[in-house]
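Here is how the chains run, residue by residue.
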Amino acid sequence: MAVTGVVLFGYVIGHLLGNLQIFLPNGRESINRYAALLHASPALLWGVRSFLILMIVLHIWAYVQLGLRKQDARPVGYVKKRAAGSSIASRTMYWSGPFIAFYIVYHILHLTTGTVHPDFHEGDVYGNVVNGFRSYAVSITYIVAIIFLCLHLYHGLWSWLQSLGLHHPRYTPVMKRAAALVAIFIAVGYISIPVAVLAGLLPS
């Protein structure tokens, strides 16, 4: 889970940097050119997509295996359970993951294939993003998904070192703070796009 999580984290960063091109002075041309570059080599594009799909499948498989181990370790639930030293992020890991997975499917159908986009135009990424996020329902759902994603990342970023056996009481608090800052940066970056659209800062 830790290894696949790091790979997927790298994709989240790369995807964010690509998306933020929408705020450049020539945002429409920049993000459309970036998308065209990605699609210029279909073999490479689908190679990367296939690798990411494999990482997601392995990440989910690890999630299921951990869930089964947890159930086997304590088949009878607690009569009363109180959180002790855990964060909201850690307590929501098991159900934020499936929510994110379902949202990814919707996001692909919305802005990649255009299947559920009412005004989708092939190749016009800028227009598809702006017109898509003008819907408050779409934007709010996206923002909620990003918040869950970043809670997921916050816990995952510092705990993956523990999972790989790299743990020290002195450094764990530092890793937690660094993970929180990175997660906040990512959340602000992604959420800034629908917020800018709804505020009228990104004209169609």
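Residues numbered from 1 in each chain as written. Predicted model: local features only at pLDDT ≥ 70, side-chain atom pairs only at ≥ 80, totals over all residues. Heavy atoms only, no water.

Chemist: What is the right way to look at the overall build of the chain in this model?
Modeler: Per the secondary structure count, the chain includes 8 helices and 0 strands. For the chain, the sequential pattern of α-helices and β-strands runs α-α-α-α-α-α-α-α. Scored against the burial criterion, the 204 residues of the chain give a buried share of 32%. When contacts within the chain are restricted to residue pairs at least 6 apart in sequence, long-range pairs at least 24 apart make up 71% of them. Taken as a whole, the chain presents about 12,700 Å² of accessible surface, with 70% of it coming from carbon and sulfur. (Helix = DSSP H or I, 4+ residues; strand = E, 2+ residues; numbered from the N terminus. Buried < 20%, exposed > 50% of the residue type's maximum accessible area, 1.4 Å probe, protein only. Contact = heavy atoms within 4.5 Å. Areas by Shrake-Rupley, 256 points an atom, 1.4 Å probe, with all protein chains shown as cover.)

Chemist: Whenever I open this one, the environment of M93 confuses me. Can you help?
Modeler: Assignment of secondary structure puts M93 in helix α5 (residues 93-112). M93 sits in the buried class, given a relative accessible area of 16%. As a C-alpha pair, M93 and L149 span 56 residues in sequence and 9.6 Å in three-dimensional space. Those residues in contact with M93 that sit more than four places away from it in its chain are H152, H155 and G156.

Chemist: Explain the packing of helix α1 (residues 2-19) against helix α8 (residues 172-198) to me, please; I cannot follow it from the model alone.
Modeler: Between two packed helices, the angle of one axis relative to the other and the distance separating the axes together describe the packing. The contact between α1 and α8 brings their axes to 10 Å, and the two run at 40 degrees. Classified by the angle between their axes, α1 and α8 sit oblique to one another. When the axes of α1 and α8 are compared, the crossing they make is left-handed. For the pair α1 and α8, contact is made by F9, V12, I13, H15, L16 and N19 and by V182, F185, I186, G189, Y190 and I193, respectively. Residues that form the contact of α1 with α8 fall into these classes: 9 nonpolar, 3 polar and no charged. (Axes fitted to C-alpha atoms, helices over the stretch in contact; angles between N-to-C directions. Parallel < 35°, antiparallel > 145°, perpendicular 65-115°, else oblique. Left-handed = near helix turned anticlockwise from the far one by under 90°. Nonpolar A, V, L, I, M, F, W, Y, C, P; charged D, E, K, R; others polar.)

Chemist: Sorry if this is basic, but what is going on with the pattern of salt bridges here?
Modeler: Opposite charge on two side chains allows them to pair when their charged atoms are near. Scanning all chains against the criterion turns up 1 salt bridge. For the salt bridge of R28 with D124, the shortest nitrogen-to-oxygen distance reads 3.3 Å. Note that R28 is positioned in helix α2 (residues 27-38) and D124 in the loop between α5 and α6 (125-133), a separation of 96 residues in sequence. Residue R28 is classed as partly exposed on the basis of its relative accessible area, which comes to 28%. (Salt bridge = Lys/Arg side-chain N within 4 Å of Asp/Glu carboxyl O.)

Chemist: Is there a simple way to think about α8 in this case?
Modeler: What sets the pattern is the α-helix's 3.6 residues per turn: residues three or four places apart point alike. Between its first and last C-alpha, α8 extends 39 Å over 27 residues, near the 39 Å set by a 1.5 Å rise per residue. The largest bend in α8 amounts to roughly 35 degrees and is located at S192, with the proline P194 lying one to four residues further along. One or two steps after α8, the chain reaches G200, where phi turns positive at roughly 80 degrees. (Expected span 1.5 Å × (residues − 1). Bend = angle between axes of the 7 residues up to and from the residue.)

Chemist: What am I meant to see in the packing of aromatic side chains here?
Modeler: By convention here, two paired aromatic rings are described through the distance between centres and the angle between planes. Under the criterion given, the structure shown has 4 aromatic pairs. When the ring of F99 is compared with that of F148, the centres are 5.0 Å apart and the planes differ by 65 degrees; the resulting orientation is edge-to-face. Taken together, the positions of F99 in helix α5 and F148 in helix α7 (residues 136-163) put the pair 49 residues apart, joining distant regions of the chain. Taking relative accessible area as the criterion, F99 reaches 31% and is therefore assigned partly exposed. A relative accessible area of 16% means that F148 is categorised as buried. Measuring from ring centre to ring centre gives 5.7 Å for Y103 and Y106, while their planes differ by 50 degrees; the resulting arrangement is tilted. Of this pair, Y103 and Y106 both sit in helix α5, 3 residues apart, which is roughly one turn of that helix. One aromatic cluster is present, built from ring pairs that chain together Y103, Y106, F133 and Y142. R49 extends its terminal NZ or CZ atom over the ring of W46, reaching a point 4.6 Å from the ring centre. (Phe/Tyr/Trp six-rings, centres within 6.5 Å; stacked < 30°, edge-to-face > 60°. Lys NZ or Arg CZ within 6 Å of the ring centre and 35° of its normal.)

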